[in-house]
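Fold and contact review
Letter by letter, the chains look like this.
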Amino acid sequence: MSDISPYSGSTIQEGLSPNHLKKAKLMFFYTRYPSSNMLKIFFSDVKFNRCITSQLIKWFSNFREFYYIQMEKFARQAINEGVTSSEELAVGRDAELFRALNMHYNKANDFEVPERFLEVAQVTLREFFNAIVAGKDADPSWKKAIYKVICKLDSEVPEVFKSPNCLQELLHD
DNA sequence: GCCATACCTG
DNA sequence: CAGGTATGGC
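Values in this document were obtained by computation on a predicted structure and should not be read as measured data. (Residues numbered from 1 in each chain as written. Chains lettered and ligands numbered in written order. Predicted model: local features only at pLDDT ≥ 70, side-chain atom pairs only at ≥ 80, totals over all residues. Heavy atoms only, no water.)

Quick notes on the protein's contact with DNA strand C
- Around DNA strand C, the structure places K25, Q55, K58, W59, N62 and F63.
- Q55 has a polar side-chain atom sitting 3.1 Å from a phosphate oxygen of DNA strand C.
- Looking at the surface near DNA strand C element by element, the count peaks at five residues for helix 3 (residues 50-80). (Near = heavy atom within 4 Å. Polar contact = N/O pair within 3.5 Å; in protein donor to acceptor, adjacent residues only side chain to side chain. Helix = DSSP H or I, 4+ residues; strand = E, 2+ residues; numbered from the N terminus.)

Laid out in structure tokens, this is it:
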């Protein structure tokens with residue numbers, strides 16, 4: 001059965017749908033630390049309650065976990081491969097790191113990832129690289145310092161994301 | 001106690 | 001990603 005309603009432009013979702021998840025992942029390319037208020041604005045077609053809010057916050061928390069795990073993985077890999085300076089690390093669209101991230105948040109690869117995300121990813125990778133080289137990882141909470149840096153690099157999420165039907169506009173064939 | 005967030009697991 | 005646990009603030 002299709003869930004298309006005759007009032008498709010004003011349907012209020014009782015819960016989060018697969019499309020909401022897809023949209024959240026694309027939003028991650030702009031913001032790693034969205035506030036609950038921001039989420040309410042960008043998911044205006046969702047009827048919020050404590051659980052929905054928690055679930056959305058949880059999604060981004062999971063997104064960040066994957067993101068940082070990849071960063072640490074590639075940073076250590078670079079070190080093992082003999083890289084001596086973070087300056088040598090660049091994250092372009094052809095980088096393995098980017099391909100791993102893109103595969104996770106933009107699996108169909110039908111969304112044009114903003115350049116700014118590549119920059120933030122590069123900063124994050126270098127941050128991990130330098131911390132590990134400096135032996136900071138001996139401290140159980142060494143990643144906290146990095147998180148504090150990265151959380152300041154969130155970008156404005158494009159206005160189009162505020163539309164409940166933005167996926168059709170954002171994804172090209 | 002309740003709720004939020006951090007860390008870990010499957 | 002969802003669940004469960006531990007923890008800290010109110």
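A word on the packing of aromatic side chains
- Applying the stated criterion across every chain yields a total of 18 aromatic pairs.
- Taken together, a centroid distance of 6.0 Å and an interplanar angle of 80° make the contact between F63 and Y105 edge-to-face. Of the two residues, F63 is situated in helix 3 and Y105 in helix 4 (residues 96-105); the sequence distance between them amounts to 42 residues.
- With relative accessibility at 4%, the residue F63 sits in the buried group.
- On the basis of an interplanar angle of 85° and a centroid distance of 6.0 Å, the ring pair of F66 and Y105 is categorised as edge-to-face. One end of the pair, F66, is in helix 3; the other, Y105, is in helix 4, and 39 residues separate them in sequence.
- The class of Y105 is buried, set by a relative accessible area of 2%. (Phe/Tyr/Trp six-rings, centres within 6.5 Å; stacked < 30°, edge-to-face > 60°. Buried < 20%, exposed > 50% of the residue type's maximum accessible area, 1.4 Å probe, protein only.)

With respect to the nonpolar core
- Within the largest apolar cluster, 51 residues are counted, with the highest numbers of intra-cluster contacts made by Y67, F111 and F161.
- When contributions to this core are tallied by element, the ones reaching two or more residues are helix 1 (18-28), helix 2 (36-42), helix 3, helix 4, helix 5 (115-133), helix 6 (142-150) and helix 7 (166-170).
- The leading source of residues in this core is helix 3, at eleven residues.
- With sequence-adjacent residues up to four places away left out, F161 is seen in contact with K23, L26, M27, Y30, F42, F111, C166 and L170. (Core = buried A, V, L, I, M, F, W, Y, C linked by side-chain atoms within 4.5 Å. Contact = heavy atoms within 4.5 Å.)

Considering the layout of surface pockets
- There is about 200 Å³ of room inside the second largest pocket.
- Broken down by secondary-structure element, the contributors of at least two residues to the lining of the second largest pocket are helix 3 and helix 4.
- Per-element tally for the lining of the second largest pocket: the top contributor is helix 3, with three residues. (1 Å grid on protein atoms, 1.4 Å probe; cavity = no way out; pocket = protein on both sides within 12 Å on 5 of 7 lines; lining within 4 Å. Points joined across faces, edges and corners; volume = space filled by probe spheres on them.)

A few points about the protein's contact with DNA strand B
- Every residue lining DNA strand B is accounted for by R50, I57, K58, E65 and K144.
- Among the atoms of DNA strand B lying within 4 Å of the protein, the sugar-phosphate backbone contributes 69%.
- Within the contact set of DNA strand B, a phosphate oxygen lies 3.4 Å away from a side-chain nitrogen or oxygen of R50.
- Contact distances for DNA strand B include 3.4 Å between a base nitrogen and a side-chain N or O atom of K58.

Describing the packing of helix 5 against helix 6
- Between helix 5 and helix 6, whose axes approach to 10 Å, the crossing angle comes to 155°. One element, helix 5, and the other, helix 6, form an angle in the roughly antiparallel class. Helix 6 is crossed by helix 5, and the crossing has right-handed handedness. Of the residues in helix 6, those touching helix 5 at V120, V123, T124, E127, F128, A131 and I132 are W142, K143, I146, V149 and I150. (Axes fitted to C-alpha atoms, helices over the stretch in contact; angles between N-to-C directions. Parallel < 35°, antiparallel > 145°, perpendicular 65-115°, else oblique. Left-handed = near helix turned anticlockwise from the far one by under 90°.)

Concerning the confidence of the model for chain A
- Of the residues in chain A, 94% reach a pLDDT of 70 or more, and the chain-wide mean stands at 92.
- Low confidence marks residues 1-8, where pLDDT is under 50. Its contacts with residues over four positions away, or in another chain, come to two contacts. (pLDDT = per-residue confidence, 0-100.)

Considering the side chain of T31
- As for its placement among the helices and strands, T31 is situated in the loop between helix 1 and helix 2.
- Its relative accessible area of 1% is what places T31 among the buried residues.
- A polar contact of 3.5 Å, which involves the side chain of T31, links it to the backbone nitrogen of Y33.
- Ignoring anything within four residues of it in the chain, the contact list for T31 reads M38, F60, D154, S155 and V157.

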